[in-house]
Amino acid sequence: MANLILILGGVQSGKSKFAEKLASSGKKVAYIATAQVLDEEMRIKIENHKNNRPKEWLTLEAPHNLKGVLSKLDKSVDMMVIDCLTVYVANLMGLEEDKVFSEIKDILKIIKDLNSKIIMVSNEVGMGVVPPYESGRKYRDMLGQANQIVAEAADEVYLMVAGIPVKVK
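Quick caveat: nothing in here was measured; it's all calculated off a predicted structure.

(A) Here's a closer look at the overall build of the protein. Tallying secondary structure elements over the protein gives six helices and seven strands in all. Ordered by position in the sequence, the α and β elements of the protein form the string β-α-β-α-β-α-β-α-α-β-α-β-β. Its C-alpha atoms give the protein a radius of gyration of 15 Å, near enough to 15 Å, the size a compact globule of 169 residues would have. The dimensions of the protein, computed from C-alpha atoms along their principal axes, are 45 × 35 × 30 Å. Counting only residues that meet the buried cut, the protein has 45% of its 169 residues in that class. Looking at the protein alone, contacts between residues at least 24 apart form 76% of all its contacts between residues at least 6 apart. Carbon and sulfur atoms form 53% of the exposed surface of the protein, whose accessible area is close to 9,400 Å². Where the 23 positive side-chain charges of the protein centre and where its 22 negative ones centre are 4 Å apart.

Written as structure tokens, this is what we have:
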């Protein structure tokens, strides 16, 4: 398995399920969640995600400080799922664009130095409807750029289509 795998896809395309399937080959798996409970719908979604993954996996929350969590990760972790870059970029929206991209590049530097296999999940938002608001278009563009940065660094990239992984790289 590659050192860094990026899994892209639309909403409900099977990204997380595929990531968890790949990660299940690890002896000690860390699941790094970037989402926060902001409303009832998100609380239910987070609970469903928790209930679907193995109880023995270490779960860490990193809605704002992914670099810090990665830097302090137990060295015995051999497999890691970061779910997801989509939400992490949304959490950074208050920052200037260049700072968001710098953050992503710093995360990739940390990942490169880890001994773990890393699976990163992100949404492909560039194939949908153009958001009607400037902030939505800015977010779409920032996430698209972030995905490109990660895809370039990744050893493998998959696009999920209706639950089927299509290897892109």
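(B) Molecular detail of the pattern of salt bridges. Summed over all chains, the structure comprises seven salt bridges. Between Asp 106 and Lys 67 there is a salt bridge whose closest N-O contact spans 3.3 Å. Note that Asp 106 is positioned in helix α5 (residues 97–113) and Lys 67 in helix α3 (residues 66–71), a separation of 39 residues in sequence. A relative accessible area of 24% means that Asp 106 is categorised as partly exposed. By relative accessible area, which is 25% here, Lys 67 ends up partly exposed. A salt bridge links Asp 141 to Arg 140, with the shortest nitrogen-to-oxygen separation between them at 2.9 Å. Residues joined by salt bridges that share partners form a network here, namely Lys 67, Glu 103, Asp 106 and Lys 109.

Cut-off values and rules
- Residues numbered from 1 in each chain as written.
- Predicted model: local features only at pLDDT ≥ 70, side-chain atom pairs only at ≥ 80, totals over all residues.
- Heavy atoms only, no water.
- Helix = DSSP H or I, 4+ residues; strand = E, 2+ residues; numbered from the N terminus.
- Rg over C-alpha atoms; globule rule 2.2 N^0.38 Å.
- Buried < 20%, exposed > 50% of the residue type's maximum accessible area, 1.4 Å probe, protein only.
- Contact = heavy atoms within 4.5 Å.
- Areas by Shrake-Rupley, 256 points an atom, 1.4 Å probe, with all protein chains shown as cover.
- Lys, Arg positive; Asp, Glu negative; His and termini not counted.
- Charge placed at Lys NZ, Arg CZ, Asp CG, Glu CD.
- Salt bridge = Lys/Arg side-chain N within 4 Å of Asp/Glu carboxyl O.

Any functional reading would require information that these geometric values do not contain.
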